[in-house]
Amino acid sequence: MSLRSQLAITMALLALGVSATMGVLSYNATRNEAISAIDSFLERRFGPFDASDGTDRADSSSPIRDDGDAGPLDETDGARERPPFTAGDSVVNVYDVDGSLVVTSDPDVALPLPELDGDDAIFRTVSVDGERYRLRAQFAPDGTTLVNARSLAESDATLAAVRDRLVVIGIVVTLLAAVLGWFAAVRLARPLGRLSDAARRVAATGELDADLDTAARGEVGEVAGSFSTMLDALRRSRDQQQQLIVDAGHEIKTPLTTLRANADLLASGKLSPEHQQRALARISSEVDELTSLTAELLELAAETPVDEPVSSFDVVESAEIAAARAAERFDRPVTVVGARCRIRGHPSAFDRAVTNLLVNAHKFSPPGSLIEVVVSDVARVDGGFDTTRGSIVVSDRGSGISDDDRDRIFQRFYRSPDARTLPGSGLGLAIVAATAATHGGEPFVAPNDDGASVGFTFSFSPASDDLPDGV
């Protein structure tokens with residue numbers, strides 16, 4: 001069922017419920033008012049038999065009101081028809097002490113004699129020959145019972161008319177609410193329909209340039225804004241993937257060309273043994289370069305190891321392991337200093353980022369010079385200090401980083417002019433930037449007059465020292 005239909009039905013049901021409730025309340029109030037008016041009329045008719053003034057109403061010559069006039073009650077055998085003390089707007093019966101009918105104003109209406117308990121008057125609604133009457137009964141001082149009743153035909157007809165009007169009004173209000181709900185739903189669903197069309201178009205064509213009305217107000221505008229933000233993120237991700245493919249293809253082309261050239265030379269059989277060894281060494285070097293490039297591409301594309309769970313680890317301990325491995329591999333001194341602190345993250349990715357910083361420092365450092373790794377539990381951010389983040393910095397004794405390269409060294413495949421003759425793919429520091437972002441930080445280049453200092457910040461976690469790995 002569409003949103004328009006759901007909203008129209010909901011509005012109609014609400015209107016029907018309100019109309020039915022108001023109709024029942026109005027009908028009951030009108031009926032109670034009508035009954036109360038008739039009870040007041042019957043009570044006024046009983047006025048002459050009220051014994052509160054001490055008059056003995058058993059005397060047949062007592063004055064009996066007839067629409068304001070007084071007159072005697074002439075005695076005859078049996079019941080009297082339309083005695084002079086009654087009017088045509090009610091039926092009056094007088095019963096003696098044994099329950100026999102003494103006087104009636106309308107012999108065609110057989111009013112029942114209700115049971116009385118005490119001197120209080122009682123009111124009843126009775127049905128006589130299919131017609132409803134409102135009845136009042138009360139003892140007279142002489143022991144007789146006076147029963148006065150008025151037909152409810154007029155009030156029932158009025159109530160029936162009121163009921164019919166209320167039903168018609170309820171139907172009209174319900175239909176009107178359904179129509180208004182439908183038009184409101186159409187207006188509400190129009191921007192949602194555009195969002196749905198945009199989603200279908202994106203799914204069918206793969207084009208992420210959708211024209212969305214993000215200026216709409218309320219929740220619809222928020223949905224449109226969120227959808228537009230999602231499309232922007234997808235567009236950036238696609239552009240980055242395409243750029244990565246283009247850059248990777250460009251970087252792979254050079255070693256592949258070298259491999260093919262050396263393979264062709266070996267296949268020609270014209271090389272001397274010395275040149276054959278040089279060609280094989282070149283091929284082996286290029287294969288190693290391709291292997292390293294492929295691993296870095298895969299890691300950079302995934303940004304974080306998918307199969308590595310988040311765990312708690314000590315940053316200094318991780319840096320010490322990477323430093324010991326680099327010192328042995330590069331045959332140079334590497335030191336690690338700093339306050340121990342634990343964070344939650346991906347230990348392998350963190351180790352790879354530190355290793356890449358060490359490899360970068362080794363490339364541009366004089367042979368045998370010192371490489372320093374400094375871990376700090378406070379990071380300098382925007383000219384101040386941020387105690388919620390720490391930092392790790394790798395410093396070398398090389399030629400430093402030029403101002404033109406500072407903002408570009410973390411880009412994928414970027415290699416400074418001085419580094420283009422050195423081995424590498426230009427992805428090492430890009431992986432550092434991705435790892436920093438994964439751990440809530442960012443890469444940076446720190447001032448260093450004696451060389452270069454490159455590092456990244458990371459966010460602390462509430463992990464305690466005794467938190468087990470993998471938790």
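Parameters at a glance
Residues numbered from 1 in each chain as written. Predicted model: local features only at pLDDT ≥ 70, side-chain atom pairs only at ≥ 80, totals over all residues. Heavy atoms only, no water. Helix = DSSP H or I, 4+ residues; strand = E, 2+ residues; numbered from the N terminus. Buried < 20%, exposed > 50% of the residue type's maximum accessible area, 1.4 Å probe, protein only. Patch = residues over 30% accessible without salt bridge, like charges linked within 9 Å, V, L, I, M, F, W, Y side chains within 5 Å. Areas by Shrake-Rupley, 256 points an atom, 1.4 Å probe, with all protein chains shown as cover. Salt bridge = Lys/Arg side-chain N within 4 Å of Asp/Glu carboxyl O. Contact = heavy atoms within 4.5 Å. Polar contact = N/O pair within 3.5 Å; in protein donor to acceptor, adjacent residues only side chain to side chain. Pairing = 2+ DSSP bridges. Axes fitted to C-alpha atoms, helices over the stretch in contact; angles between N-to-C directions. Expected span 1.5 Å × (residues − 1). Arc of directions from axis to C-beta. Core = buried A, V, L, I, M, F, W, Y, C linked by side-chain atoms within 4.5 Å. pLDDT = per-residue confidence, 0-100. Phe/Tyr/Trp six-rings, centres within 6.5 Å; stacked < 30°, edge-to-face > 60°. Lys NZ or Arg CZ within 6 Å of the ring centre and 35° of its normal.

Undergrad: Describe unusual backbone geometry, and please don't skip the residues or the numbers.
TA: A positive phi angle, close to 50 degrees, is found at Asp129, a residue other than glycine. Looking at the secondary structure, you find Asp129 in the loop between strand S5 (122-128) and strand S6 (131-139). Using a relative accessible area of 73% as the deciding quantity, one classes Asp129 as exposed. Despite not being glycine, Asp331 shows a phi value in the positive range, around 55 degrees. Examined against the element boundaries, Asp331 turns out to sit in the loop between helix H5 (315-330) and strand S9 (334-338). For Asp331, a relative accessible area of 66% corresponds to the exposed category.

Undergrad: Let's hear about a nonpolar patch on the surface: which residues, and what values?
TA: There is a patch of nonpolar side chains on the surface, built from Ile9, Leu13 and Leu16 and spanning about 280 Å² of accessible area. By secondary structure assignment, the location of Leu16 is in helix H1 (residues 3-45). The exposure class assigned to Leu16 is partly exposed, which follows from its relative accessible area of 43%.

Undergrad: Quick rundown of the environment of Ala12? Include the residues and the values.
TA: Note that Ala12 resides in helix H1. For Ala12, a relative accessible area of 13% puts it in the buried group. Expressed as a C-alpha distance, the spacing of Ala12 and Ala178, which sit 166 residues apart in the sequence, is 4.6 Å. Those residues in contact with Ala12, other than ones at most four positions away along the chain, are Thr174, Ala177 and Ala178.

Undergrad: Residues and numbers for the side chain of Ser365, please.
TA: In this structure, Ser365 sits in the loop between helix H6 (347-363) and strand S11 (371-376). Here Ala361 takes part through its backbone oxygen, which lies 2.5 Å from a polar atom of the side chain of Ser365. Beyond its immediate sequence surroundings of up to four residues, Ser365 is in contact with Arg332, Ile371, Asp396, Arg397 and Gly398.

Undergrad: A description of the sheet that holds strand S14 (residues 389-395) should follow, citing residues and the corresponding values.
TA: Pairing within the open sheet is mixed, and its five strands lie in the order S9-S11-S14-S16-S15. Single-partner strands in this sheet number two, and they are S9 and strand S15 (443-446). Geometrically, the sheet is characterised by an average inter-axis angle of 20 degrees between neighbouring strands, direction not taken into account. Two elements, S11 and S14, share five bridges in a ladder whose sense is antiparallel. Looking across to S14, one finds that Val373 is bridged to Val394. Helix H8 (residues 428-438) contacts S15 and strand S16 (453-459) of the sheet and is inclined by roughly 20 degrees relative to S16.

Undergrad: Any details on the pairing of S6? Residues and values, ideally.
TA: Inspection of the sheet shows S5 paired to S6 by seven bridges, in the antiparallel sense. Among the inter-strand pairings, Val126 is bridged to a residue of S6, identified as Tyr133. Two successive antiparallel strands, S5 and S6, enclose a turn made up of two residues, where Asp129 displays a positive phi of approximately 50 degrees. Of the pairings in the sheet, the one linking S6 to strand S7 (residues 145-151) comprises seven bridges and is antiparallel in character. Note on S7: the bridge partner recorded for Leu135 is Ala149. Linking S6 back to S7 in an antiparallel pair, the connection comprises five residues, with Gly143 at a positive phi of about 95 degrees.

Undergrad: Can you tell me about H5, naming the residues and giving the values?
TA: For H5, with 16 residues, the first-to-last C-alpha span of 22 Å sits near the 22 Å given by 1.5 Å per residue. Every buried residue of H5 is listed here: Val315, Val316, Ser318, Ala319, Ala322, Ala323, Ala326 and Phe330. All buried residues of H5 project into a common sector of 155 degrees when viewed along the axis, lining one side. Sitting at the head of H5, Asp314 places a side-chain oxygen 2.9 Å from the backbone nitrogen of Val316. One or two steps after H5, the chain reaches Asp331, where phi turns positive at roughly 55 degrees.

Undergrad: Requested: an account of the nonpolar core, with residues and values cited.
TA: Ranked by internal contacts, the top residues of the largest apolar core, which has 33 residues, are Phe350, Leu358, Val373, Ile392, Phe456 and Phe458. Among the secondary structure elements, those contributing two or more residues to this core are H5, S9, H6, S11, S14, H8 and S16. The element that contributes the greatest number of residues to this core is H5, accounting for seven residues. If near-sequence neighbours (up to four positions away) are discounted, Val373 is found in contact with Ala319, Val334, Thr335, Val336, Val337, Leu358, Ile392, Val393 and Val394. Core analysis: the next-biggest nonpolar cluster, separate from the first, contains 13 residues, Val91, Val109, Ile122 and Val126 among them.

Undergrad: Mind laying out the confidence of the model for the chain, listing which residues take part and the relevant values?
TA: Mean pLDDT over the chain stands at 75; residues scoring 70 or higher make up 74%. Across residues 48-85, where pLDDT falls below 50, the model places 59 contacts with residues more than four positions away in sequence or in other chains. Predicted confidence is poor over residues 462-471, with pLDDT under 50, and the contacts of this stretch with residues over four places away or in other chains come to 15 contacts.

Undergrad: Got a sec to walk through the packing of aromatic side chains? Specific residues and values, please.
TA: Per the stated rule, a full pass over the model turns up four aromatic pairs. Here Phe350 and Phe458 contribute two aromatic rings whose centre-to-centre distance is 5.9 Å and whose plane-to-plane angle is 75 degrees, an arrangement assigned as edge-to-face. Here Phe350, found in helix H6, pairs with Phe458, found in strand S16; they are 108 residues apart in sequence, far enough to count as distant. For the pair Phe350 and Phe458, a shared accessibility class is recorded, and that class is buried. Pairing Phe458 with Phe460 gives two aromatic rings, centres 5.9 Å apart and planes at 85 degrees, and the pair type is edge-to-face. A relative accessible area of 0% places Phe458 in the buried class. By way of ring pairs, the aromatic residues Phe313, Phe350, Phe456, Phe458 and Phe460 are connected into one cluster. Against the face of Phe41 rests Arg150, its NZ or CZ located 4.6 Å from the ring centre.

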